[in-house]
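So you can see what is in the structure, the chains are spelled out below.
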Amino acid sequence: MKPNPASGPLLPSIVHRPRLHRLLARVAAPGIIAVSAQAAQGKTTLIGDYINRRGARACWMRLGPADAAPGTFLRHLSECVASGIPHGDPAAKARHKNPGPEHIAELIAGLPPDIHLVFDGWHRIGATSVYSEWIDAIVAARPARGNVYFLSREDLPLALQRLRVRRQALLLGDHDLAFSEDEIVAFFEATHALRLKAEGGKALHRLTAGWAGGLVILAEELQRASKTSDASLASPAMRERLQTEAGRYLGEEVFQPQPRAMRAFLTRAALFDAIPAALMRKLFGVQAADRLASEAVRQHLFVAFDPAPPGSWTLRMNPLLRAYLAARAQTDLSAKDRKRMLTEAARHCREQGDIRSAADYYLRAGDLAAAARLVTTIGMERLVEGRFADITPWTARLPSTHIREDPWLSLLQAAAYRIQGGRRTVAELQNAGDAFRRSKHVRGQMLALAYRIETAVFNGYTPEILAPWLAEAEALLQATRTLPHFTYAKALLWQQLGFGILADPGGDLHKGLSACENAVVLGKRIGSRHLVANTHAIAARGHVQFGEFDQARERLKVVRCFDDDDFFAEYGALRNLAACHLALIEARATDAEAKLKALQDAIDRWGLICLYPSFLEVTGLIQIHHKAYGALEKTQRHLHDVAVLLNDPAYRAAGYWLAGLGNYHQGHFNQALSLIRQAVAIPGLSIVKQARNRLMMGFITMNTAALAEADRHLSSALRIFAERGLSLYACAAQIG
């Protein structure tokens, strides 16, 4: 069959598996080692490398299809054994010319006692009772100081429990031979001197499930690439080449040799992420499904059982085999058959309470109406949990016309972008609210209005624009005060009513805080830590903004009782902004800078561009505290650029105010006055923002001896601050 049947494999010098070598080294001779794993999982390479590194001798019997015939197998075994006998024993070789099954023990007995005997490819000769007897005979007659290795793509009929207790047996399977994330990193460092980051190893493990063959394909593709880097390895083009080459191999070596029934089973199973027994039994019948699943696992056809209750099972497939079979399913299965199976899977998942998977299967089946109903259910859960980013992949798979016609889907799509979407999101939420109003759907009205107010506040809408929406929220809450339903929607609307009121420095502080307290009460009633934590962050920011620093300090103590995960990202940032302002006012510069760093990290991580101008303003105040006026000038220019980018006059005015404040502290009163006048000239500012500018102009003109003008500015500011209960600012104006 081969010129030298006993020769071992030619090994690539780069492959070494220390973790597995340690397991092999624990087996005490004479040991039995069975390596049963899927194709191209590195069975031959592992054992060849292990024997070579130990400097041991081996008889290596490569089995082929012809060895399924008993006579051929025994002649092959005889040739292999004879090649391992010292040349000075011609009589021993002569005994092996016409061996029979009863001669297995005698054949092996003629080997040196320290030799290793390897049967490579046992799956090629089957698993009949005759071969089971041969395995038993080989195990019984194994060399005294060597090991016997069975390498196979199928599970072997080995009863080794007694030997395992004596540490004379080891069974290795797919899970053992699969490369871990760290081993994948080490593999590419050895093959290409390419140091992957941990995330790269994790991504490749997800893509290949640690399959050695897949890693070798990637390594070969890298050799063909003009550049070798993390990026090239993780590129879509490289992923596509891997799937193409792996598909060719898996099709030829794994899929095509299977009987028709197994091919049909695997092709249909590839339609699903995980293959639960109940679903496959519906599609194939109980006996056929159980038999085919067990046989696929026994043959290591790139599938494995997940842990499951007794009498049940869940089958998982290697992602590369699944990609190959999913492509085949497009031609091997009719569109009608695929839709029937996916719909059946959706119904099954829905019955099991797995709404997420059910919606996915309905989408793949093209049943948009059923998918939309489930996407709405999933989406509302994600909104409550603050997992807004999870909503977009679902709504993106529905036609835009379908979304526009369904106010719930419109609400979900808009809410997912509520912070980053700006004015467009506000308009979409307005449309959804109008649709809910026409259909008299109160819960939908509440949610759409709450998210509209939230979006507007985070995107810097003026109090004048917010005012009618806040009045609408009050009216809606008043009209539904006796309804026992919609607790979450009510709590969210109370929260955003408070947020909208407190966002206006001239708003009604006590009214805003009262709305927040209502939200906290309802949030606690339904056990929503997210809602309660977010509301406390809003209230803390309100206390600081209105100059109630003792109350702000107490509120932030309450906030510290919550974990970071309890806050939605933007409200965690809002909490840090409030804490930063308070620390700055109390001259705790180090604490302010720490909170500012946390705020910056949140903005960078979550893309909270709406909070970036506030971050820059506080940065400027800290720079003034440190007299870092050169850095302040850069911050002011950056704030101006952001204001232009966002088309927000309030932020432009804040940039002038910050620059004016810096010049004031440097004694450059004329420059300071010029900058503040530019801020005053910007239209559309709130009355309180204008009053803050007037206050600054009063202080500046006092220092230029223009006392009459100073009195006019300070009196104007005092009147506005006093009318709105802004005691801190009023006090400053009075002192001036």
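Caption draft 1: Examining the overall build of the chain more closely. In terms of regular secondary structure, the chain is built from 39 helices and 8 strands. Taking 2.2 N^0.38 as the reference for a compact globule, 736 residues should give roughly 27 Å; the C-alpha atoms of the chain span a radius of gyration of 37 Å, well beyond that estimate. By principal-axis analysis of the C-alpha atoms, the chain measures approximately 125 × 60 × 45 Å. Burial analysis of the chain (736 residues in total) assigns 52% to the buried set. Within the chain, contacts between residues at least 6 apart in sequence are counted, and of these 67% link residues at least 24 apart. Surface summary for the chain: the accessible area is close to 33500 Å², and the carbon and sulfur share equals 53%. Once the 89 positive and 71 negative side-chain charges of the chain are each reduced to a mean point, those two points are 2 Å apart.

Caption draft 2: Region of the structure containing empty space enclosed by the protein. The final tally for this structure, using the stated rule, is 1 cavity of 30 Å³ or more. Here the largest cavity defines a volume of roughly 60 Å³. Phe-388, Arg-418, Tyr-451, Glu-454, Tyr-488, Leu-492, Gln-495, Gln-496, Leu-531, Asn-534, Phe-568 and Tyr-571 together form the lining of the largest cavity. At the level of elements, α25 (442–458), α27 (487–502) and α29 (529–545) are the ones that each hand at least two residues to the lining of the largest cavity. A per-class count over the lining of the largest cavity returns 7 nonpolar, 3 polar and 2 charged.

Caption draft 3: Here's a closer look at the pattern of salt bridges. Inspection of the entire model under this criterion finds 43 salt bridges. Salt bridges here are not isolated pairs; linked through shared partners, they connect Glu-381, Arg-382, Glu-385, Arg-387 and Asp-390.

Caption draft 4: Quick look at the nonpolar core. Of all hydrophobic cores here, the largest spans 171 residues; its most connected members are Phe-188, Leu-266, Phe-272, Met-280, Leu-411, Leu-447 and Tyr-451. In terms of residues, this core owes the most to one element, α25, which gives 10 residues. Sequence-distant contacts of Leu-266, that is, excluding residues within four places in its chain, are made with Phe-255, Leu-301, Val-303, Met-317 and Leu-325. Membership of the second largest hydrophobic core comes to 32 residues, among which are Leu-74, Ile-104, Leu-117 and Trp-134.

Caption draft 5: Spotlight on unusual backbone geometry. Residues Ala-29 and Pro-30 are joined by a peptide bond in cis, for which omega reads -5 degrees. Within the secondary structure, Pro-30 sits in the loop between α1 (18–25) and β1 (32–36). One non-glycine residue with positive phi stands out, namely Phe-486, at about 60 degrees. Tracing the sequence through the fold places Phe-486 in the loop between α26 (463–479) and α27. Under the relative-accessibility criterion, Phe-486 is labelled partly exposed at 27%. One non-glycine residue, Ala-587, lies in the positive phi region at around 60 degrees.

Caption draft 6: Structural detail: the sheet that holds strand β3 (residues 116–120). With respect to topology, 5 strands assemble into an open sheet ordered β2-β3-β4-β1-β5, the strand pairing being parallel. In this open sheet, the two edge strands, each paired with only one partner strand, are β2 (58–62) and β5 (169–172). Averaged over all adjacent pairs, the angle separating strand axes in this sheet is 10 degrees, with direction ignored. Relative to strand β4 (residues 148–152), β1 runs parallel, the two being bridged by 5 bridges. Its bridge partner being in β4, Val-35 is matched across the sheet by Leu-151. Sheet strands in contact with helix α2 (residues 43–53) are β1, β2, β3, β4 and β5, and its direction is about 160 degrees off that of β4. Sheet contacts for helix α3 (residues 70–83): β2 and β3; angle to β2, the most-contacted strand, approximately 155 degrees.

Caption draft 7: Geometry of the sheet that holds strand β8 (residues 314–317). In spatial order, the strands read β6-β8-β7; together these 3 strands make up an open sheet with antiparallel pairing. At either end of the open sheet lies a strand with only one pairing partner, and these are β6 (275–276) and β7 (303–306). In this structure, β6 lies alongside β8, joined through 2 bridges in antiparallel fashion. Bridge assignment links Pro-276 to a residue of β8, and that residue is Thr-314. Running over the sheet, helix α16 (residues 286–298) touches β7 and β8 and is turned about 115 degrees from β7.

Caption draft 8: Quick peek at the packing of aromatic side chains. This model, assessed by the stated rule, comprises 22 aromatic pairs. Each member of the aromatic cluster is reached from another via a ring pair, and the members are Phe-73, Phe-119, Trp-122, Trp-134 and Phe-150. Over the ring of Phe-179 we find Arg-17; its NZ or CZ atom is 3.7 Å from the centre of that ring. Looking at Arg-452, its charged tip hangs above the ring of Trp-469, at a distance of 5.1 Å from the centre.

Caption draft 9: Main features of the environment of Gly-662. Its location among the elements puts Gly-662 in helix α35 (residues 649–665). Expressed as a C-alpha distance, the spacing of Gly-662 and Ile-624, which sit 38 residues apart in the sequence, is 6.1 Å.

Caption draft 10: The pairing of β4, seen in detail. The element β4 is largely enclosed, with a buried count of 5 among its 5 residues. Alternating residues of β4 divide into Val-148, Phe-150 and Ser-152 and Tyr-149 and Leu-151, and every residue in both groups is buried. Note that β3 and β4 share 4 bridges and pair parallel. When the sheet's bridge partners are listed, Val-118 is paired in β4 with Tyr-149.

Caption draft 11: Structural detail: the environment of Gln-41. Tracing the chain through its elements places Gln-41 in the loop between β1 and α2. The spatial distance from the C-alpha of Gln-41 to the C-alpha of Arg-153 is 9.3 Å, given a sequence separation of 112 residues. Here the side chain of Gln-41 touches Ala-212 through a polar contact of 3.0 Å, landing on its backbone nitrogen.

Caption draft 12: A look at helix α19 (residues 355–365). Across the 11 residues of α19, 8 count as buried, placing the element largely inside the fold. Among the residues making up α19, those that are buried are Ile-355, Ala-358, Ala-359, Asp-360, Tyr-361, Tyr-362, Leu-363 and Ala-365. Where α19 is buried, its residues touch α18 (335–351), α20 (368–385) and α21 (392–395).

Caption draft 13: Representation of the packing of helix α33 (residues 612–625) against α35. Relative to each other, α33 and α35 sit at 0 degrees, their axes nearing to 10 Å. Classified by the angle their axes make, α33 and α35 are roughly parallel. On α35, the residues touching Pro-613, Leu-616, Glu-617, Gly-620, Leu-621 and Ile-624 of α33 are Tyr-651, Ala-654, Trp-657, Leu-658, Leu-661, Gly-662 and His-665. Looking at the contact of α33 with α35 residue by residue, the class counts come to 9 nonpolar, 3 polar and 1 charged.

Caption draft 14: Looking closely at the packing of α29 against helix α31 (residues 569–585). Two elements in contact, α29 and α31, have axes separated by 9 Å at closest approach and are oriented at 30 degrees. Relative to α31, the element α29 is oriented roughly parallel. Along this stretch, α29 crosses α31, giving a crossing that reads as left-handed. For the pair α29 and α31, contact is made by Asn-534, Ala-537, Ile-538, Ala-540, Arg-541 and Val-544 and by Tyr-571, Leu-574, Arg-575, Leu-577, Ala-578, His-581, Leu-582 and Ile-585, respectively. When grouped by side-chain class, the residues that make up the contact of α29 with α31 number 10 nonpolar, 2 polar and 2 charged.

The rules we used
Residues numbered from 1 in each chain as written. Predicted model: local features only at pLDDT ≥ 70, side-chain atom pairs only at ≥ 80, totals over all residues. Heavy atoms only, no water. Helix = DSSP H or I, 4+ residues; strand = E, 2+ residues; numbered from the N terminus. Rg over C-alpha atoms; globule rule 2.2 N^0.38 Å. Buried < 20%, exposed > 50% of the residue type's maximum accessible area, 1.4 Å probe, protein only. Contact = heavy atoms within 4.5 Å. Areas by Shrake-Rupley, 256 points an atom, 1.4 Å probe, with all protein chains shown as cover. Lys, Arg positive; Asp, Glu negative; His and termini not counted. Charge placed at Lys NZ, Arg CZ, Asp CG, Glu CD. 1 Å grid on protein atoms, 1.4 Å probe; cavity = no way out; pocket = protein on both sides within 12 Å on 5 of 7 lines; lining within 4 Å. Points joined across faces, edges and corners; volume = space filled by probe spheres on them. Nonpolar A, V, L, I, M, F, W, Y, C, P; charged D, E, K, R; others polar. Salt bridge = Lys/Arg side-chain N within 4 Å of Asp/Glu carboxyl O. Core = buried A, V, L, I, M, F, W, Y, C linked by side-chain atoms within 4.5 Å. Pairing = 2+ DSSP bridges. Axes fitted to C-alpha atoms, helices over the stretch in contact; angles between N-to-C directions. Phe/Tyr/Trp six-rings, centres within 6.5 Å; stacked < 30°, edge-to-face > 60°. Lys NZ or Arg CZ within 6 Å of the ring centre and 35° of its normal. Polar contact = N/O pair within 3.5 Å; in protein donor to acceptor, adjacent residues only side chain to side chain. Parallel < 35°, antiparallel > 145°, perpendicular 65-115°, else oblique. Left-handed = near helix turned anticlockwise from the far one by under 90°.

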